[in-house]
Amino acid sequence: MALEKLKFDNLALRTLPLDSETGNRQRRVEGACFSLVDPTPVDSPETVAVSQSAFELLDVEVTPEVFSNENFAAYFSGNKLLPGSQTAAHCYCGHQFGHFSGQLGDGCAIYLGEVVNQKEERWEIQIKGAGKTPYSRHADGRKVLRSSIREFLCSEAMHYLGVPTTRAGSCVTSNTKVIRDIKYDGNPILEKATVILRIAPTFIRFGSFEIFKPLDAVTGREGPSVGQQDLLNKLLDYTISTFYPQIWREVGSTAERQQMLLEFYEEVLRRTARLVAKWQCVGWCHGVLNTDNMSIMGITIDYGPYGFMDRFDPGFICNGSDDGGRYSFEKQPEICRWNCLKLGEAIQMSLPLEISKPSIKVFDEEFESAYLTGMREKFGLQKSLDGDKELVSNFLSTMLETGCDFTNGFRSLSLVTLPESAQSEESKHKFLDSIVKECASLTELQKFYKPKIPPGQMAMFKNLLEQQPHLAEVLRGQMAVIDVELKRQEKFQSLKDMTSESKEHADRKLWSDWLDAYIARLSKESTGSDVTLLNERRLKLMKASNPRIILRNYIAQEAIAKAEEGDYSGVQNLLEVLKTPYTDPEEEFNQEVTSSLPALPDLCRYVSKPSSDNTGLIVT
């Protein structure tokens, strides 16, 4: 289908109230969910990359002719509007780093409309980086090439990993320049304004319902539509009838309506729990889990300072601005749960808290189930037995102790065969040889655990806390950081007497001990079964659950660096590689040799753990 023939049906703008004022003047927007606003054109838009599979959601085949047509870059940079498109920015609020921030809204993203495809699926499309809106505050409404490439690639990478996500259709850069201080060190540079096309069923988020929030006692801020229950009901009805049709029904009483709203709320809890369980299983960290970055559909949205873990670290922080580690890897389930409670508070005018709050147990139960199911698949366990949770926990503890690469460590598990098989002893040696190679070197661990605060200062601080324990309460917000630093120093001290040889020996012993427990657990899988057939099923399950390729920060950065020099081939090639994350490069290369893929040595490089020079990249 030609772009000009897309079937637009802009239901959100027809159903929900619009701002009485148009244009991008910064303002408080009361009693409205959207503000009509035009994108700001850019100079000489140029297409960096396109995801064909994302465009297929819209029934569009991006042929070379379509890709190279100047209209393509014009449409998806905001320079030209598609027939049937209506442009607007969405009003929402949010709790940012635990504190209510009042009105936020689409500060750089602009809704283009909703496309209904031949399957009658509804897809909202928006362009991010398209210029100022009423919600831009003091920003310019632009995104730059590096951040846009990161979002484009990760949106698609997550899709191919099987994680629910928004999609990215295109990345279009330009000759328009914007000023950015990348390192926040007072040395700003000019960067290219860049726009990506985002596709999702809807971009309604938890924060969309926080526009009704009354005055916050801590921050002194309130939602712009505080107390407007009629508007809240309208937004709830639109959301449920459009995106949760299996729950939507006409109701004749308050009790019936509250039951419908409760079913909706509980389904959002389930989807959110399943989503964060997926993140934990692939070792991915969002970085900015504010309520305004939580989708009402239970999909991943707003890719900013995200990161896939290299070496396993439960305290992994991918956002350089998250000094306290609020959004660290291990805290993601807890924070998503907290955000769900905030959603319950946001809709309490229509669904009282005494009804919604007890349902938080739905999140807890769903996360526990989804996480353990995902982990059993990664371990190739087809039975659900007591002790599985401990097996997983001990595996992760051994990963932490040895500094093992998260992705490759899990992939190594597929080398282990069932104990009844003829290859069992050989497979144990293969596994141990493989996983020890994935462990951090002594030098890498010493570099990682090197104290950030001089030990002398920490010793003085510990003595002060012992003498005046009440200071712990006063410094409550900083105690988590202090605890992390204390553990860092203890670990660093324990490494001082180690040699590279003794560390490797210790790593092998730790993994050998864990392997014994894993083999014992596997023996309970094969009782009375065809061992060969069961091994084949296990291997298939594990290879489909443990990715070989993830979007590591350094690999993304290499593609970005080339693109900033005008060479977009790195982005396009990397997108091709990310399409088959569960396939071994050798298998993929032998089965399908295409000119769009990198050569085999480069493909193999994507699966290796990063060198010490390529670890520790931080995004803010």
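Structure: above.
Residues numbered from 1 in each chain as written. Predicted model: local features only at pLDDT ≥ 70, side-chain atom pairs only at ≥ 80, totals over all residues. Heavy atoms only, no water.

Caption draft 1: Examining the overall build of the protein chain more closely. For the protein chain, the count of helices and strands is 23 helices and 13 strands. Relative to the 2.2 N^0.38 estimate, which gives 25 Å for 620 residues, the radius of gyration of the protein chain is 26 Å and therefore close to what a compact globule would have. Looking at the protein chain as a whole, 53% of its 620 residues are labelled buried. Carbon and sulfur atoms make up 51% of the accessible area of the protein chain, which totals about 26900 Å². In the protein chain, 71 side chains carry a positive charge and 86 a negative one; their mean positions are 2 Å apart. (Helix = DSSP H or I, 4+ residues; strand = E, 2+ residues; numbered from the N terminus. Rg over C-alpha atoms; globule rule 2.2 N^0.38 Å. Buried < 20%, exposed > 50% of the residue type's maximum accessible area, 1.4 Å probe, protein only. Areas by Shrake-Rupley, 256 points an atom, 1.4 Å probe, with all protein chains shown as cover. Lys, Arg positive; Asp, Glu negative; His and termini not counted. Charge placed at Lys NZ, Arg CZ, Asp CG, Glu CD.)

Caption draft 2: Local environment of the nonpolar core. One finds Phe55, Phe209, Phe379, Phe395, Trp511, Tyr518 and Leu551 to be the most contacted residues of the largest nonpolar core, which totals 162 residues. In terms of residues, this core owes the most to one element, helix H7 (residues 254-282), which gives 14 residues. Filtering out sequence-adjacent residues up to four positions away, phenylalanine 209 remains in contact with Ile204, Leu232, Leu235, Leu236, Thr239, Ile296, Leu343, Ala346 and Ile347. Counting five residues, the second largest nonpolar core, distinct from the first, contains Ala440, Leu442, Leu445 and Tyr449. (Core = buried A, V, L, I, M, F, W, Y, C linked by side-chain atoms within 4.5 Å. Contact = heavy atoms within 4.5 Å.)

Caption draft 3: Highlighting helix H18 (residues 500-522). Compared with the 33 Å implied by 1.5 Å per residue over 23 residues, the 32 Å span of H18 between its first and last C-alpha is a close match. Looking only at H18, the buried set comprises Lys503, Asp507, Trp511, Trp514, Leu515, Tyr518, Ile519, Arg521 and Leu522. Check the buried side of H18 and you find it contacts helix H10 (360-379), helix H11 (388-402), helix H13 (424-437), helix H14 (442-449) and helix H19 (531-543). (Expected span 1.5 Å × (residues − 1).)

Caption draft 4: Structural context of the packing of H11 against H18. Taken N-terminus to C-terminus, the directions of H11 and H18 make an angle of 170 degrees; their axes are 10 Å apart at the nearest point. By the criterion of interaxial angle, the relationship of H11 to H18 is roughly antiparallel. In contact with Asp388, Leu391, Asn394, Phe395, Thr398, Met399, Glu401 and Thr402 of H11, H18 contributes Lys503, Asp507, Leu510, Trp511, Trp514, Ala517, Tyr518 and Arg521. When its residues are assigned to classes, the contact of H11 with H18 shows eight nonpolar, three polar and five charged. (Axes fitted to C-alpha atoms, helices over the stretch in contact; angles between N-to-C directions. Parallel < 35°, antiparallel > 145°, perpendicular 65-115°, else oblique. Nonpolar A, V, L, I, M, F, W, Y, C, P; charged D, E, K, R; others polar.)

Caption draft 5: Representation of the environment of tyrosine 265 in the model. Within the secondary structure layout, tyrosine 265 lies in helix H7. As a C-alpha pair, tyrosine 265 and leucine 343 span 78 residues in sequence and 8.5 Å in three-dimensional space.

Caption draft 6: Focus on the environment of arginine 180. Topologically, arginine 180 is positioned in strand E10 (residues 177-180). Setting aside residues up to four positions removed in sequence, arginine 180 forms contacts with Asp140, Arg142, Lys143, Val144, Arg146, Pro188, Ile189 and Glu191.

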